[in-house]
Amino acid sequence: MLTKRIIPCLDIKDGRTVKGTNFVNLRDAGDPVELGAEYALQGADELVFLDITATVEERKTLIDLVRRVAHTINIPFCVGGGIGSVSDVSKLLNAGADKVSINSSAVRNPGLINELALEFGSQCIVVAIDTRYITLENGFQEHIVHTHGGRKPTELKTIEWAKEVEDRGAGEILLTSMDTDGTKAGFALELTAQISDNANIPIIASGGAGTMEHFYDVFTTGKADAGLAASIFHFKEIGIPELKYYLKGKGISMRI
Amino acid sequence: MYALERIGVAYELSDDANTIRSAERIIFPGVGEASTAMRSLRENGLDKLIPTLKQPFLGTCVGMQLLCKSSEENNTDCLGVFDVPVLKFPQIKGFKVPQTGWNDIYSYGCELTEGLAEHSYVYYNHGYYAPLCDYTVAKTEYMLEYSAMLQKDNFFAAQFHSEISGDVGQKIFENFLKIQ
């Protein structure tokens with residue numbers, strides 16, 4: 001039976017893993033390859049490496065890092081952050097990444113999704129959507145796509161954008177709720193379920209994981225195909241093995 | 001490639017008939033779309049060569065589908081090593097296509113799965129499948145039961161991505177490298 005996936009996310013700066021809460025108090029947390037390998041050993045189903053820097057010099061460091069990850073780790077991994085062109089994607093996939101995730105560049109130029117899907121296949125194109133529930137000028141409240149780490153609102157309604165990225169050839173959606181991100185109060189269940197119900201591609205839910213029960217909720221009520229988290233894994237608040245045993249015990253299909 | 005480097009095996013990436021004919025063993029990975037892949041095999045004459053090869057041969061993912069008789073993906077005639085058509089997954093509510101993620105394999109019947117626990121998990125990413133047939137040597141299930149692995153003589157094939165299927169995938173490669 002196809003299992004639900006548990007995905008740790010590693011933030012990368014200058015080729016090193018950084019840990020922090022809400023992007024403050026960033027501190028060095030070691031070699032991403034070692035940390036990724038450790039997560040793989042613990043039973044992570046996939047890894048996401050998110051590059052939170054973007055200068056040219058640092059991109060080269062990222063390519064080297066991707067190559068080292070591919071040499072070491074035998075589970076799928078996705079690389080995101082600052083990817084804006086076919087040539088960016090080509091470099092990362094050639095270096096051994098299994099998937100890439102694009103975000104702001106897809107919002108700026110939605111045709112990029114079609115272009116990448118055609119060139120490399122949908123299976124390796126993940127579109128990341130950062131969303132926030134805001135009050136519009138007309139007084140209505142709406143889930144709206146945000147860019148720039150969730151700071152800048154766009155004109156796009158999240159549910160419509162999710163449908164559009166699928167139609168354009170995205171293979172998966174990484175949905176991060178900026179409302180729940182960092183709160184440890186649970187994933188955005190209602191929105192995740194609504195998007196998953198409308199989509200025929202997998203939804204990776206992100207933002208808000210604080211307890212093991214939150215993962216249970218996002219796989220049941222939230223109808224997510226995968227759950228992603230960063231700090232609770234990095235700070236060892238929840239161990240991946242105990243999380244997977246807990247979920248399996250509650251009847252969620254897990255690879256153990 | 002990286003999977004082979006991880007277990008320290010020398011390899012060469014090639015589309016040259018002579019190189020392929022003289023290789024000790026061959027891995028035929030595949031991503032992408034069936035008709036485009038078949039066209040490039042025909043351009044290099046590899047469509048005629050591959051079915052005649054005698055050394056251990058492993059096709060994975062689209063590589064497995066190309067070894068079958070045909071694919072519903074753009075109605076493509078394939079290599080015909082395995083006399084079975086590749087079909088498109090049906091549309092069933094609650095099952096997303098392509099299947100993306102880890103699923104189990106069982107009912108083993110070839111050397112590649114030696115030493116694996118029944119119901120080991122491997123990583124899939126595919127929208128087409130080979131039905132159960134005489135060549136099925138491992139089964140899996142998504143919407144319906146179908147072939148996770150096929151074998152006929154020296155030809156082995158796996159629908160999943162063994163190169164990123166953790167220790168299970170690595171074991172399958174190691175077993176393949178032991179075949180004489």
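Residues numbered from 1 in each chain as written. Chains lettered and ligands numbered in written order. Predicted model: local features only at pLDDT ≥ 70, side-chain atom pairs only at ≥ 80, totals over all residues. Heavy atoms only, no water.

Go over the overall build of chain B with me, naming the residues and quoting the values.
Helix and strand counts for chain B stand at 6 helices and 11 strands. Over its C-alpha atoms chain B spans a radius of gyration of 15 Å, differing by no more than 12% from the 16 Å that the globule rule assigns to 180 residues. Taking the principal axes of the C-alpha coordinates as reference, chain B spans close to 50 × 35 × 30 Å. A fraction of 64% describes how many contacts in chain B between residues 6 or more apart in sequence connect residues 24 or more apart. A total of about 8000 Å² of accessible surface is found on chain B, and carbon and sulfur atoms cover 48% of it. Across chain B, the mean location of the 15 positive side-chain charges is 3 Å away from that of the 23 negative side-chain charges. (Helix = DSSP H or I, 4+ residues; strand = E, 2+ residues; numbered from the N terminus. Rg over C-alpha atoms; globule rule 2.2 N^0.38 Å. Contact = heavy atoms within 4.5 Å. Areas by Shrake-Rupley, 256 points an atom, 1.4 Å probe, with all protein chains shown as cover. Lys, Arg positive; Asp, Glu negative; His and termini not counted. Charge placed at Lys NZ, Arg CZ, Asp CG, Glu CD.)

Kindly report on the side chain of Thr3 of chain A, identifying the contributing residues and their values.
Looking at the element boundaries, Thr3 of chain A is found in the segment before β1 (5–13). If we skip the residues at most four places from it in the chain, Thr3 of chain A touches Ser253, Met254 and Arg255 of chain A together with Trp102 and Tyr121 of chain B.

Explain the sheet that holds strand β3 (residues 68–71) of chain B to me, and be specific about the residues and the numbers.
Residues and elements named next belong to chain B. Here 4 strands make up an open sheet; going across it, the order is β4-β3-β5-β8 and the pairing mixed. The open sheet has two edge strands, β4 (76–77) and β8 (128–129), and neither has a second partner. Pairing geometry for β3 and β4, over 2 bridges, is antiparallel. Note on β4: the bridge partner recorded for Ser71 is Thr76. (Pairing = 2+ DSSP bridges.)

Talk me through the state of the cysteines; I want residue IDs and the actual numbers.
All names here are of chain A. Here the structure, examined in full by the defined rule, presents 0 disulfides over all chains. Cys78 supplies the cysteine sulfur nearest to Cys9, a cysteine that is in no disulfide, at a spacing of 9.0 Å. Note on Cys9: relative accessible area 7%, which makes it buried. (Disulfide = S-S within 2.5 Å. Buried < 20%, exposed > 50% of the residue type's maximum accessible area, 1.4 Å probe, protein only.)

Requested: an account of the interface of chain B and chain A, with residues and values cited.
In this assembly, 25 residues from chain B lie in contact with 32 residues from chain A. Across the interface of chain B and chain A, roughly 2200 Å² is buried in total on both sides, 51% from carbon and sulfur atoms. A per-residue breakdown of the area chain B buries against chain A is headed by Tyr2, Lys96 and Trp102 of chain B, which together make up 35% of the total. In this structure, the connection of chain B to chain A is made through 1 salt bridge. Salt-bridge contacts for Asp225 of chain A lead to Lys96 of chain B; the nearest nitrogen and oxygen are separated by 2.6 Å. Linking chain B to chain A there are 19 residue pairs in polar contact (both at pLDDT 80 or more). Sorting the residues of the side of chain B that touches chain A by element identifies α1 (2–6), β6 (99–105), β7 (120–126), β9 (136–142) and α6 (166–178) of chain B as the ones contributing at least two each. Here the element with the most residues in the side of chain B that touches chain A is β6 of chain B; it accounts for 6 residues. (Buried area = accessible area lost by both parts, 1.4 Å probe. Salt bridge = Lys/Arg side-chain N within 4 Å of Asp/Glu carboxyl O. Polar contact = N/O pair within 3.5 Å; in protein donor to acceptor, adjacent residues only side chain to side chain.)

Lay out the pattern of salt bridges in plain terms, naming residues and giving numbers.
All names here are of chain A. Per the stated rule, a full pass over the model turns up 16 salt bridges over all chains. In this structure, the salt-bridge partner of Asp64 is Arg67, at a minimum N-O distance of 3.4 Å. Of this pair, Asp64 and Arg67 both sit in helix α2 (residues 56–72), separated by 3 residues, roughly a single helical turn. One salt bridge in this structure joins Asp197 and Lys223, with 3.1 Å as the shortest N-O distance. Taken together, the residues Asp197 in helix α7 (residues 189–198) and Lys223 in the loop between α8 (212–220) and β12 (226–229) connect sequence positions 26 residues apart. Assessed through its relative accessible area of 39%, Lys223 is described here as partly exposed. Each of the salt bridges in this network shares a partner with another, and the network as a whole consists of Arg5, Glu46, Lys99 and Glu172.

I'd love a proper account of the packing of helix α3 (residues 86–94) of chain A against helix α5 (residues 111–120) of chain A, names of residues and values included.
Helix packing for two helices is described by the angle between their axes and how far apart those axes are. Residue and element names in this part refer to chain A. One way to put it is that α3 packs onto α5 with a least axis distance of 10 Å and a crossing angle of 40 degrees. The pairing of α3 with α5 is recorded here as oblique in orientation. Classified by chirality, the crossing of α5 by α3 is right-handed. Residues Val86, Val89, Ser90 and Leu93 of α3 lie in contact with α5, whose contacting residues are Leu112, Glu115, Leu116, Glu119 and Phe120. Residue classes in the contact of α3 with α5 are distributed as 6 nonpolar, 1 polar and 2 charged. (Axes fitted to C-alpha atoms, helices over the stretch in contact; angles between N-to-C directions. Parallel < 35°, antiparallel > 145°, perpendicular 65-115°, else oblique. Left-handed = near helix turned anticlockwise from the far one by under 90°. Nonpolar A, V, L, I, M, F, W, Y, C, P; charged D, E, K, R; others polar.)

So what's going on with the sheet that holds strand β2 (residues 57–60) of chain B? Residues and values would help.
All names here are of chain B. Pairing is mixed in the open sheet, where 5 strands are placed in the order β1-β2-β11-β10-β9. On the outer flanks of this sheet lie β1 (26–28) and β9, each paired with one strand and no other. On average, adjacent strands in this sheet sit at an angle of 20 degrees to one another, irrespective of strand direction.

Explain a nonpolar patch on the surface to me, and be specific about the residues and the numbers.
Residues and elements named next belong to chain B. Nonpolar side chains collect at one region of the surface, where Met1, Tyr11 and Leu13 lie side by side and expose about 340 Å² of accessible area between them. Take Met1: it is sitting in the segment before α1. According to the relative accessible area criterion, Met1 is partly exposed, its value standing at 48%. (Patch = residues over 30% accessible without salt bridge, like charges linked within 9 Å, V, L, I, M, F, W, Y side chains within 5 Å.)

How would you summarise the packing of aromatic side chains if you had to cite specific residues and measurements?
Taken as a whole and judged by the stated rule, the model has 15 aromatic pairs over all chains. Summarising the aromatic geometry, the rings of Phe49 of chain A and Phe77 of chain A are spaced 5.8 Å apart at their centres and angled 90 degrees between planes, so their arrangement reads as edge-to-face. Here Phe49 of chain A is found in strand β4 (residues 47–51), whereas its partner Phe77 of chain A is found in strand β5 (residues 77–80), with 28 residues between them in sequence. Across the pair, exposure class does not vary: Phe49 of chain A and Phe77 of chain A are buried alike. Geometrically, the ring pair formed by Phe82 of chain B and Tyr135 of chain B is tilted, given 5.6 Å between the ring centres and 55 degrees between the ring planes. With Phe82 of chain B in strand β5 (residues 82–88) and Tyr135 of chain B in the loop between β8 and β9, this residue pair connects regions lying 53 residues apart in the sequence. What links up through ring pairs into an aromatic cluster is the set Phe89, Phe95, Tyr129, Tyr142 and Tyr146 of chain B. Of note, Arg255 of chain A hangs over the ring of Trp102 of chain B, and the distance from its end group to the ring centre comes to 3.7 Å. (Phe/Tyr/Trp six-rings, centres within 6.5 Å; stacked < 30°, edge-to-face > 60°. Lys NZ or Arg CZ within 6 Å of the ring centre and 35° of its normal.)

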